[in-house]
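What follows is the residue order along each chain.
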Amino acid sequence: MDVKVNKKLGLKERYALMTRGLGWDTTYQPMDKVFPYDKFEGIKIHDWDKWEDPFRMTMDAYWKYQAEKERKLYAIIDAFAQNNGHLGVTDARYINTLKLFLTGISPLEYMAHRGFAHVGRQMRGVGPRVACLMQSLDEIRHAQTQIHSMSNYNKYYNGFHDPMHMIERVWYLSVPRSFFDDAYTAGPFEFMIAIGFSFEYVLTNLLFVPFISGAAYNGDMGAMTFGFSAQSDEARHMTLGLECIKFMLEQDPDNLPIVQRWIDKWTWRGTRVLTLVGMMMDYMLPKRVMSWKEAWEIYFEQNGGALFNDLARYGITVPKCAAQAALDKEHVSHQAWATFYQYGAAADFHTWMPSSSEMDWLSEKYPNTFDKYYRPRFEYFAEQHKAGNRFYNLTLPMLCQTCQIPMLFTEPADPTKICYRESDYKGEKYHFCSDGCKEIFDHEPEKYIQAWLPVHQIHQGNCFDPGVDPAAPGFNPLAAVLDHYHINQGRDNMEFEGSEDQRNFAAWRTMAAKN
Amino acid sequence: MQIDLRTVSIKPLRQTFDQVARHLGADKPASRYLEGTIRVQAESNFHYRPLWDPDHEIFDPSRTALKIKDWYAFKDPRQFYYGTYTIARARMQEAAEADFDFVESRGLADSYPAAAKGLALEVLLPLRHVAWGSNMNNSAMAAYGYGTAITQPCLYQAMDQLGIAQYLTRVGLLLADAEALDAAKQAWLEDPKWQALRRYVEDSFVMSDWFEQFVAQNLALDGFLYPLIYTYFDNALTAKAGPTVSMLVRFQAEWYAETVKWVDASIKVAAADNKDLVSGWTRAWRDRAVEAVAPLAARALEAEADAVMAELTEQFNARAAKLGLAL
């Protein structure tokens, strides 16, 4: 039912009866025992009834609209599979962006589902609970529609085969994963700021739009369709995130400094994770949508700037990290791709050097930095590859204790010098990629010392399969780690040129188009 | 006549994801239910412990006393993933909508006999709070349970119960008005005949073992409440005053017939290796459920109540025995 206005009741009143009217204050069990987690973070809520429902959807309307979307989506996924839609993408390099998506993002959708189920049980107010539960259900949808859309790619291309196993182990996948584990293990209000607000509202356009527009630009109807189908869900999620922050800020002035700290923290955490998206946009899409720098300017600096102007009346200021991010936008995608190129033997997708026309595109998009700092290095890599010396870095990099990205970023004031920060805690030294990550650690060291850092775990011997003996003669640690990751050496990873994916795509496309 | 269309066929390199192939024991084509369910939840190498529950990992099988060898043995016989779930519910809501429209457009609420209407409102409306309680419990199972195969349908159950609470609200608004909902809430909070049930629901909120909660909510409480209300009370009302209210609660009746299959399948898997534990929970919560719904049965069925409760108990015991429990 779309909530109908009857003679006596307005839409708002009627929806209130359908949701918050259902709850009651318990008396056989104390409320603090029924809702044990919504006070410890120090957020003060005086009147849950002041919560404004960001959307008014009853379950029957939800089922009806969502089922309609599902029917359409699966019809397209089926047609895409039946028609070998994968052969219609621009070129086979594109398929590697989907590997990044399936292993790095789809499992996070599932984490979002769990996180919102948790918050949807624990908030004392019925209004936010109902909204969170709907989001929890949507997030199952997103995880599953992504898995189902990529299922067909998995049948024909390498590297898609074991995403849930990989995200728990592979070095770079600990970056997105630890981000979500961090949010989930925080209190329910921090989760709402981390995911509901910072991620869904401030940063979602920088994740979702690049991937889905990238799919549209590169002829991938399968991935494009789940993205477009999720759009109206995302709109609901954004309004929930915004309502939540406003509600917290309006309830008590003491909430402001806590919320501001979370915004600062989560914007920086999110920005670091989005390095992977920047690299995808600038290097992995054969047909580019826009540069990472342009995306950052439109979606963060302009749109985000307007949002923070709007929140200024509550005393909220632009996240502290914005100044550093404004410098970084000219660099991070190049630095990340240079790293993945070198560590191409240890990822579940292929890497390559951009062609000379692609380098020209990068020069044009990054006039201040690409030719000066990155082109010479990339041309050197390409030359070496041509000469038969494709470079692979076989050492293990040092990781940032907070964001878990290898120490690949440079000093804000000097793009030729790697940025290192460190903190001492209980007799141990911890390393960071930036001031932002160091500050996050320093505020909650007991949390971040727990991080499961893939490189440390390899050194500790925790990334070999049972029965493997690192003391055996001729032991090859990289091969053993790849086995443990379930990455097939030479098939899922390394250089794109000459890969099985490249060969198959070319052969199948010929077969489909010629007699 | 058969039309034989041809497509370009390419031999796939693999049939499904490795986590699904490991589950099936071979690389063979897998359903969308399996690809969207098997091993989707993370299992190891968690980064941090929850600030709000440092004794457990993010996903932790020890949040229940159940000992389960394979958490993906908990399959949903309905094979619900998000798509099949929403499509199934959309069909049911379409039927419900037509029923509500029919009752409304024919003025059946106005012509419904007053005594039956009073009884229907008195019995049905406080149940919207019970359904909301089930939403809370099933969302807790979805949030703290282990393995997508069992936690995914718990969220569907939670949302279904929210839907049921909303349908019951609409019954109140159609047969009466918002004041009737307020009165029902007062009864839920104060009327003696609802207090044992309210205590049951509130006690179930604070249970620490999510599978015991599953037993208390989905097996024991629903196992008595749904047949009592949506079979026996429904029949009694129809006999007295015609099928108007029956049309308005059809969703619940059909829903219970469907979901009970999933509940039974889940209990069966849990009981296979945990017979004493699950039997003990079931015994304890069955006894409390009987006590909690008896006053409601007395009001709803009057003279028939004791006989019906005895029959329901017998049916429940037989069902439990079939699921491998010893009560």
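Residues numbered from 1 in each chain as written. Chains lettered and ligands numbered in written order. Predicted model: local features only at pLDDT ≥ 70, side-chain atom pairs only at ≥ 80, totals over all residues.

**Let's talk about the overall build of chain B**
So, step 1. Each helix and strand in chain B was counted, giving 14 helices and zero strands.
So, step 2. For chain B, the N- to C-terminal ordering of α and β elements is α-α-α-α-α-α-α-α-α-α-α-α-α-α.
So, step 3. Here the C-alpha atoms of chain B give a radius of gyration of 22 Å, agreeing with the 20 Å that 2.2 N^0.38 yields for 327 residues.
So, step 4. For chain B, the C-alpha atoms occupy an extent of roughly 70 × 60 × 40 Å along the three principal directions.
So, step 5. Residues counted as buried form 47% of the 327 residues belonging to chain B.
So, step 6. Excluding contacts between residues fewer than 6 apart, the proportion of contacts in chain B whose partners are at least 24 apart in sequence is 73%. (Helix = DSSP H or I, 4+ residues; strand = E, 2+ residues; numbered from the N terminus. Rg over C-alpha atoms; globule rule 2.2 N^0.38 Å. Buried ≥ 20, exposed ≤ 12 C-beta atoms within 10 Å, placed from the backbone. Contact = placed C-beta atoms within 7 Å.)

**Examining the overall build of chain A**
So, step 1. In terms of regular secondary structure, chain A is built from 22 helices and four strands.
So, step 2. Relative to the compact-globule value of 24 Å for 515 residues, chain A shows a C-alpha radius of gyration of 24 Å, a close match.
So, step 3. Out of the 515 residues belonging to chain A, those deemed buried represent 52%.
So, step 4. Partitioning the intrachain contacts of chain A with sequence separation of at least 6 by distance along the chain shows that 77% fall at a separation of at least 24.

**Things to note about the interface of chain A and chain B**
So, step 1. Taken together, the 71 residues of chain A in the interface contact 67 residues of chain B.
So, step 2. Broken down by secondary-structure element, the contributors of at least two residues to the side of chain A that touches chain B are helix H1 (11-18), helix H2 (31-34), helix H3 (59-82), helix H5 (106-122), helix H6 (126-156), helix H7 (163-167), helix H8 (174-185) and helix H22 (500-513) of chain A.
So, step 3. Across the side of chain A that touches chain B, the residue classes tally to 32 nonpolar, 23 polar and 16 charged. (Nonpolar A, V, L, I, M, F, W, Y, C, P; charged D, E, K, R; others polar.)

**Overview of the environment of Tyr448(A)**
All names here are of chain A.
So, step 1. Structurally, Tyr448 can be placed in helix H19 (residues 445-448).
So, step 2. Along the backbone, Tyr448 and Thr204 are 244 residues apart, and their C-alpha atoms lie at a distance of 25 Å.
So, step 3. Sequence-distant contacts of Tyr448, defined by excluding residues within four places in its chain, comprise Gln401, Thr402 and Phe441.

**Remarks on the confidence of the model for chain B**
So, step 1. A residue-level look at chain B finds 100% of positions with pLDDT of 70 or above and a mean pLDDT of 97.
So, step 2. In the predicted complex, the global pTM is 0.97; the interface-specific ipTM is 0.97. (pLDDT = per-residue confidence, 0-100.)

**Brief notes about the packing of helix H7 (residues 148-175) of chain B against helix H12 (residues 250-273) of chain B**
A packed helix pair is summarised by two numbers, namely the angle formed by the two axes and the spacing between the axes.
All names here are of chain B.
So, step 1. As a packed pair, H7 and H12 sit with axes 12 Å apart at the nearest point and diverge in direction by 160°. With respect to H12, the axis of H7 lies roughly antiparallel. H7 and H12 meet at a crossing whose hand is left-handed. Side by side, H7 and H12 meet where Ile150, Pro153, Gln157, Asp160, Ile164 and Tyr167 of the first sit next to Phe251, Gln252, Trp255, Thr259, Trp262 and Ser266 of the second.
So, step 2. Class assignment of the residues belonging to the contact of H7 with H12 gives a composition of seven nonpolar, four polar and one charged. (Axes fitted to C-alpha atoms, helices over the stretch in contact; angles between N-to-C directions. Parallel < 35°, antiparallel > 145°, perpendicular 65-115°, else oblique. Left-handed = near helix turned anticlockwise from the far one by under 90°.)

**So, the packing of helix H10 (residues 210-241) of chain B against helix H13 (residues 275-301) of chain B**
Residues and elements named next belong to chain B.
So, step 1. At their nearest, the axes of H10 and H13 sit 9 Å apart, and the two run at 30° to each other. Taken together, the axes of H10 and H13 are roughly parallel relative to one another. In terms of crossing hand, the pair formed by H10 and H13 is right-handed. The segment H10 lies against H13, with Glu212, Val215, Ala216, Leu219, Ala220, Leu221, Phe224, Leu225, Leu228, Tyr232, Phe233 and Ala236 engaging Val278, Trp281, Thr282, Trp285, Arg286, Ala289, Val290, Val293, Ala297, Ala300 and Leu301.
So, step 2. Of the residues that constitute the contact of H10 with H13, the class distribution is 20 nonpolar, one polar and two charged.

**As for the pairing of strand S2 (residues 414-418) of chain A**
Residues and elements named next belong to chain A.
So, step 1. Sheet topology places strand S1 (residues 410-411) next to S2; two bridges connect them, and they run antiparallel. In the sheet register, Glu411 faces S2, and the bridge partner there is Asp414.
So, step 2. Adjacent in sequence and paired antiparallel, S1 and S2 are bridged by two residues. (Pairing = 2+ DSSP bridges.)

**Here we look at the pairing of strand S4 (residues 428-432) of chain A**
All names here are of chain A.
So, step 1. Examined bridge by bridge, strand S3 (residues 421-425) and S4 share five bridges and lie antiparallel to one another. When the bridges of S4 are listed, Ser423 appears paired with Tyr430.
So, step 2. Connecting S3 to the antiparallel partner S4 that follows it, the hairpin turn spans two residues, and Lys426 within it adopts a positive phi of roughly 50°.

**Considerations on unusual backbone geometry**
Residue and element names in this part refer to chain B.
So, step 1. Although it is not a glycine, Gln79 sits at a positive phi angle of roughly 50°.
So, step 2. Mapped onto the secondary structure, Gln79 falls in the loop between helix H2 (32-35) and helix H3 (82-105).
So, step 3. The phi torsion at Glu302 lies on the positive side, around 50°, for a residue other than glycine.
So, step 4. Residue placement: Glu302 occurs in the loop between H13 and helix H14 (305-322).

**Things to note about the environment of Leu307(A)**
So, step 1. Along the polypeptide, Leu307(A) turns up in helix H13 (residues 292-311).
So, step 2. Between the alpha carbons of Leu307(A) and Tyr201(A) there is a distance of 9.3 Å; along the sequence they are 106 residues apart.

**A few points about H14(B)**
So, step 1. Across its 18 residues, H14(B) extends 26 Å between first and last C-alpha, which sits within 8% of the 26 Å expected from 1.5 Å per residue.
So, step 2. With its phi angle positive at about 95°, Gly324(B) sits one or two positions after the end of H14(B). (Expected span 1.5 Å × (residues − 1).)

**Description of the confidence of the model for chain A**
So, step 1. On average, residues of chain A score 95 in pLDDT, and 98% of them are at 70 or above.
So, step 2. Segment residues 1-5 of chain A: pLDDT under 50, and 12 contacts once partners within four positions in sequence are set aside and those in other chains are kept.

**Description of the environment of Tyr373(A)**
Residues and elements named next belong to chain A.
So, step 1. Along the chain, Tyr373 turns up in helix H17 (residues 370-386).
So, step 2. A count of 18 C-beta atoms within 10 Å places Tyr373 in the partly exposed class.
So, step 3. Linking Tyr373 and His331, residues 42 residues apart in sequence, is a C-alpha distance of 8.9 Å.

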